[in-house]
Number of protein chains: 2
Amino acid sequence: MDNTSKSKFVLLTGGAGYIGSHTIIPLIESGYEVVVIDNLFNACKGEGEKPVSILQVEKLTGKQVTFYAIDLLDYILLSEVFDKHEFCCVIHFAGLKYSNESCNIPLNYYKVNVCGSINLFQVMMEHNVKRLVFSSSSTVYSEPHFLPITELHPVGQSLVNVYDKSKYYIEGIIQDLCNSDKEWFVIILRYFNSVGAHSSGTLGEDPNGTPSNLMPYVAQVAVGKIQSLNVFGKHCSTIDGTGVRDYIHIMDLAEGHVSALEKMQKSNDSGAIAINLSTGNGYSVLQVINMFSQVSKQEIKYEIVDCPNGYCDSSYCDASFAKEYLGWEAKRTLKEMCEDTWRWLSLYPQGFSTTT
Amino acid sequence: MDNTSKSKFVLLTGGAGYIGSHTIIPLIESGYEVVVIDNLFNACKGEGEKPVSILQVEKLTGKQVTFYAIDLLDYILLSEVFDKHEFCCVIHFAGLKYSNESCNIPLNYYKVNVCGSINLFQVMMEHNVKRLVFSSSSTVYSEPHFLPITELHPVGQSLVNVYDKSKYYIEGIIQDLCNSDKEWFVIILRYFNSVGAHSSGTLGEDPNGTPSNLMPYVAQVAVGKIQSLNVFGKHCSTIDGTGVRDYIHIMDLAEGHVSALEKMQKSNDSGAIAINLSTGNGYSVLQVINMFSQVSKQEIKYEIVDCPNGYCDSSYCDASFAKEYLGWEAKRTLKEMCEDTWRWLSLYPQGFSTTT
């Protein structure tokens, strides 16, 4: 394995998105030169070529980020980016991400997520860039067979939505790629529920339409954009009857990517290695609501409703492998997750469109 | 569901290949107008535009087959074919098909098989053609948990090669497509081991390089192109210690596709329905060798060697659902499979390149 490359150039696909844009900050702080490609499908466009999220990152870091408005499905333009820069690694965030939507337009999801990834891997191969950090999801575990969920938990069983399946398929393709060529080294990061925002309050999640995840939803109720929240619960076998999930602060998640990159620079490992990225702590929906209410000093109206069929009571991970292998662990508390989300939404109630 | 279309035009992707070309014959005999697209990646080219397999079919049937040398990954050219013809149905054979090769070049396999299928389905959707027969494989079942294998047998577990995984992924995508749009009606045919040739001896399997399946291999030994055969065995818990598989005559398989098409024309069903296509009878490797030796009157040299790790002793299907749902069952015997293979190889010892 060629470990001598001194390149500090990192390509972030989908780097204008929520997780991608936050990850740029600790990457720059760690001395990496960041190149972003994004098709801007979900991004709020700023002045000039760059999306607002990237402009905000540049303000926060005082550094320029090289940006290309490119779609992963465009093999030729993608190749040209690899011709221009010698990358040490690619962090692959790009993809369509809404679970509900994915079931309505499955072909779009598979084309963008799966075929986009295959294109990227082929271009990487052609340019001899064989180190990759891949944004996977804890949803590949489906309904947990045991808790906490370790990386050895079965994956791919009874997956119901297309988004989850697309992530599972890409993991499978990565595994085959690594089996076929021992020079590849891929760290697959299985995120749990990423929430929060940069502590400056100037960078955060900018979802399209009504949010489908809990924290942005709670925040929208707190800020008065949505009246009330339906909470699945009463009958879960959890501390208060509502579902328990494992939340991770976006900046902890961002730093996890830097740790993965550092590992790739230092280690002679190869193959595909899957790692849970979260805190390992579960919080119930009511605990999240109460904490959010406390930090925002807003009443958050909610109504307890019956759980839908197949609703999972409790899901949280064993985060010990990330600590052991990457030397990384999440540091930020639920309180900080709520505080930073609230600061972001107070400053940018309309998300990035506030700034334009 | 629009069941009023009187179009008898059927599109066959990969229609120049082994299964595709044989399927054209009973389709034409049943009154269908056949349009073939094929990228000719595995096909022997004839005079003019058409591959030899298609020219042979035209001789056998006395009918012209419309042919386009098009790759499924070419969205625009594929769309133009759908603009030109109003198809009642697509039979999707196209794909890379060599298990061993698939593990060496996984990205090529996933791109051609998975992304090619996604492209096809998108073009079909745009042209409101929502009836599909898909060539899947019994290999999606992996090592059988029980015998005979019914369609309810688990799929996708512990798949080891990329070809098998690509078929499993496409089945998953088809399922999601049918869930998202109730107008789709897809029959997924899970083939077991297709062997034999057209009884005329002028159309058969024309594999590239050394064959990896038993029957073509045995035939090559009989014809003197290969000296001897390694047979996994001694210790299988089968009739003679060698592996048992379920073989189906290519013309039976071809007729199964016509039955699937007839079902689609007559039925108001929708959704994705998987069907085993084979005889339901298992034959051991030695039984196949002995039968082939008997019909060819050639000695077939073989050596019994240890089974590789994970070698499956026995695999055969429950073929009753095909009979019940399609009104189809395989009729041809192992003897006919061997006779027809032998006739084809005697007439065309170099495959189709004999004719050029």
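Structure: see above.
Here the structure is a predicted model, which is why all the values come from computation and not from measurement. (Residues numbered from 1 in each chain as written. Chains lettered and ligands numbered in written order. Predicted model: local features only at pLDDT ≥ 70, side-chain atom pairs only at ≥ 80, totals over all residues. Heavy atoms only, no water.)

A. Examining the sheet that holds strand E11 (residues 282-284) of chain A more closely. Residues and elements named next belong to chain A. Pairing is mixed across the open sheet formed by three strands, whose spatial order is E7-E9-E11. In this open sheet, the two strands that pair with only one neighbour each are strand E7 (193-195) and E11. Neighbour to neighbour, the strand axes of the sheet diverge by 55° on average, direction disregarded. One ladder, built from three bridges, connects strand E9 (residues 244-249) with E11; its direction is antiparallel. Bridge pairing links Val244 to Ser284 in E11. (Pairing = 2+ DSSP bridges. Helix = DSSP H or I, 4+ residues; strand = E, 2+ residues; numbered from the N terminus. Axes fitted to C-alpha atoms, helices over the stretch in contact; angles between N-to-C directions.)

B. Up close: the relation of the copies chain B and chain A. With an axial shift of 0.0 Å and an RMSD of 0.0 Å, the rotation relating chain B to chain A amounts to 180°. In symmetry terms, the pair is related by a two-fold rotation axis. Minimal C-alpha distance to the rotation axis in chain B is attained by Cys115 of chain B, lying at 2.9 Å. A high fraction, 100%, of the interface residues of chain B reappear at the interface in chain A, so the copies pair face to face through one surface. (Least-squares fit on C-alpha atoms with pLDDT ≥ 70 in both. Contact = heavy atoms within 4.5 Å.)

C. Quick look at the nonpolar core. One finds Phe82 and Phe121 of chain A together with Phe82 and Phe121 of chain B to be the most contacted residues of the largest nonpolar core, which totals 82 residues. Those residues in contact with Phe82 of chain A, other than ones at most four positions away along the chain, are Leu11, Phe87, Val90, Leu120, Val123, Met124, His127 and Val129 of chain A. (Core = buried A, V, L, I, M, F, W, Y, C linked by side-chain atoms within 4.5 Å. Buried < 20%, exposed > 50% of the residue type's maximum accessible area, 1.4 Å probe, protein only.)

D. Seen up close, the packing of aromatic side chains. The final tally for this structure, using the stated rule, is 21 aromatic pairs over all chains. When the centroid spacing of 5.2 Å and the interplanar angle of 75° are considered together, the rings of Phe82 of chain B and Phe87 of chain B count as edge-to-face. Note on accessibility: Phe82 of chain B and Phe87 of chain B belong to one class, buried. Between Trp344 of chain B and Phe352 of chain B the ring centres are 5.1 Å apart and the planes differ by 65°, which places this aromatic pair in the edge-to-face class. Here the two residues Trp344 of chain B and Phe352 of chain B agree in accessibility, since each one is buried. An aromatic cluster is built from Tyr110, Tyr168 and Tyr169 of chain A together with Tyr110, Tyr168 and Tyr169 of chain B, whose rings are joined through pairwise contacts. The ring of Tyr311 of chain A carries Arg245 of chain A above its face, with NZ or CZ at 5.1 Å from the centroid. Sitting over the face of the ring of Tyr325 of chain A, Lys263 of chain A holds its NZ or CZ atom 4.1 Å from the ring centroid. (Phe/Tyr/Trp six-rings, centres within 6.5 Å; stacked < 30°, edge-to-face > 60°. Lys NZ or Arg CZ within 6 Å of the ring centre and 35° of its normal.)

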